[in-house]
Amino acid sequence: MTRLTIRRPDDWHLHLRDGAALAAVLPHTAARFARAIVMPNLTPPVTTTDAAASYRARILAAMPAGARFTPLMTLYLTDRTAPAEIDRARASGIVHGCKLYPAGATTHSDAGVTDIRRLDATLARMADTGLPLQVHGEVTVTDVDVFDREARFIDTVLAPLAERVPNLRIVFEHITTRAAAEFVRDARSGIAATITPQHLLLTRNALFAGGIRPHLYCLPILKTERDRLALIEAAVSGNPRYFLGTDSAPHARHAKESACGCAGIYSAHAGIELYAEAFEAAGALNRLEAFASHFGADYYGLPRNTDSITLVKSPWTPPAGYAFGNDTLVPWRAGEALSWQLEASVAS
Ligand code: DOR
Ligand code: ZN
């Protein structure tokens, strides 16, 4: 196959940042995706519906001319998020979930939740109102091996939570392990997962190929080939519990190429093309549309998009860097050819 036209996809997990960084990255997402679930881990984090509304307005103000893109906002849960805030979020119509960052798990997660059991009243309100919980699924205890933190989280936090609040809708974000794929497959209804392109295409070997590769460092960290194969199997399975979420997470070049580099892979410049590569390698390009354009919208109770995009099999090479305010942003696959290219957006 050399051309593929699919219903326009959505990105169900995205970091857009703010200010000059937002202006730099938004055109890439808006050219491909109709909507995105926008992560709230700004500094300070987006913890209230009012803050989400202001952030949404800044995103809309940064939109390139002619673009049609809808940001779907989220709130950042803290130990102090009250049930009344959930009511405000629901009433606003612009907030589509609350993000659980275990405190200290990743970039800008210091204000996150220290003990999820303290939030049961808030989570119960989310369950009652149907507002999904988006979960960064890693334990933060430093004596757990970094490669085991997701599996440990399932056993000690996520599985008990899913039982304790039985109607809570939970998106297990950016799953990276066979254990996570199997947990989601076998879980009660209301539990789904997003899968990133990097976890479909790479293993932890890529982090050390010929030297340390800071631009491939993300959290949860890349895992083994056995895990990658389980994620591929999940993504192409046609099971609606698994859907697209790039977790594109831009950082300035100097923050990545550092003695203590930030976690995050920038993929929005090729946010659908990378998935096409992964699905094609699995012999499952015919499953891409449902994963990218149907299952997420269905889960979130939103209409599927009505227009389409076309991908063409025609190699192109992302640049060494994009302008990023006064800095440079190094995209994933900088200087390395990608096989699929976005051709055109065809209005319905
Ligand atoms: O690699 C990551 N980067 N993982 C996260 O959970 C956060 C993200 C970021 O915001 O940079
Ligand atoms: Zn993320």
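Within any chain, residue numbers begin from 1 and follow the written order of that chain's sequence. A letter from A marks each chain and a number from 1 marks each ligand, given out in the order of writing. Predicted model: local features are reported for residues with pLDDT of at least 70 only, side-chain atom pairs are reported and counted for 80 or more only, and whole-chain, interface and lining totals are derived from all residues. Hydrogens are left out, water is left out, and the side-chain values use all remaining heavy atoms of the structure.

Put simply, DSSP H or I for four residues or longer makes a helix, DSSP E for two residues or longer makes a strand, and each gets a number counted from the N terminus. The secondary structure content of the protein amounts to eleven helices and 13 strands. Here the C-alpha atoms of the protein give a radius of gyration of 19 Å, agreeing with the 20 Å that 2.2 N^0.38 yields for 348 residues. Expressed along its principal axes, the backbone C-alpha trace of the protein runs to roughly 50 × 45 × 40 Å. Taking all 348 residues of the protein together, 57% fall into the buried category. The contact rule is simple, with two residues in contact once any of their heavy atoms fall within 4.5 Å. Pairs at least 24 residues apart make up 73% of the contacts formed inside the protein by residues separated by at least 6 positions. In the form shown here, the protein has an accessible surface area of approximately 13500 Å², with 51% of it arising from carbon and sulfur atoms. Two things to know: the radius of gyration comes from C-alpha atoms, and the globule rule equals 2.2 Å times the number of residues to the power 0.38. The classification of residues rests on relative accessible area computed with a 1.4 Å probe and restricted to protein chains. Under 20% of the type maximum is buried, over 50% is exposed, and intermediate values are partly exposed. Per-residue and other accessible areas were derived by the Shrake-Rupley procedure at a 1.4 Å probe size, with only the shown protein chains allowed to occlude residues.

Counted as donors are N, O and S atoms no farther than 2.8 Å from the metal, or 3.2 Å for Na, K and Ca; water is not among the atoms, and sites may therefore look incomplete. The zinc ion (ligand 2) binds to the protein through His13 (NE2), His15 (NE2) and Asp247 (OD); the donor distances cover 2.0 to 2.1 Å. Summarised as a motif, the one-chain spacing of the donors to the zinc ion (ligand 2) is H-x1-H-x231-D. With a gap of 234 residues between them, His13 in strand β2 (residues 11–14) and Asp247 in the loop between β9 (242–244) and α9 (253–256) connect regions that are remote in the sequence. An identical accessibility class is assigned to His13 and Asp247; each is buried.

Below, the discussion takes up helix α8 (residues 225–235). Among the residues of α8, Asp227, Arg228, Ala230, Leu231, Ile232, Ala234 and Ala235 are the ones counted as buried. For α8, the secondary structure elements touched by its buried residues are α6 (178–186), β8 (191–195), α7 (197–201), β9, α10 (273–281) and α11 (288–300).

On to the layout of surface pockets. Think of a 1 Å grid over the protein atoms and nothing else: a 1.4 Å probe that fits but is trapped marks a cavity, an open set flanked by protein within 12 Å on at least five of seven lines marks a pocket, and residues with an atom within 4 Å of a point count as lining. Grid points are joined across faces, edges and corners, and a volume is the space filled by probe spheres set on the points. When its volume is computed, the largest pocket comes out at roughly 350 Å³. Lining the largest pocket are 18 residues, and of these Thr114, Asp115, Ile116, Val139 and Val157 lie nearest its centre. The dominant element in the lining of the largest pocket, judged by the number of residues it contributes, is helix α5 (residues 149–164), at six residues. Classification used: nonpolar for Ala, Val, Leu, Ile, Met, Phe, Trp, Tyr, Cys and Pro, charged for Asp, Glu, Lys and Arg, polar for all others including Gly. Split by residue class, the lining of the largest pocket holds ten nonpolar, three polar and five charged.

To continue, consider the pattern of salt bridges. When their charged atoms lie close together, side chains carrying opposite charge are able to pair. Put simply, a salt bridge is a Lys or Arg side-chain nitrogen that is within 4 Å of an Asp or Glu carboxyl oxygen. Enumeration over the complete set of coordinates arrives at 19 salt bridges. A salt bridge links Asp79 to Arg118, with the nearest nitrogen and oxygen atoms 3.5 Å apart. With a gap of 39 residues between them, Asp79 in the loop between β4 (70–76) and α3 (83–92) and Arg118 in the loop between β5 (95–100) and α4 (120–129) connect regions that are remote in the sequence. Given the relative accessible area of 22%, Asp79 is considered partly exposed. With relative accessibility at 57%, the residue Arg118 sits in the exposed group. Between Arg333 and Glu277 there is a salt bridge, with the nearest N and O atoms lying 3.0 Å from each other. Residue Arg333 is found in the loop between β12 (327–329) and β13 (338–346), and its partner Glu277 is found in helix α10; the two are separated by 56 residues along the sequence. Accessibility classification places Arg333 together with Glu277 in one group, the buried group. Connected via shared salt-bridge partners are Arg8, Arg68 and Asp307.

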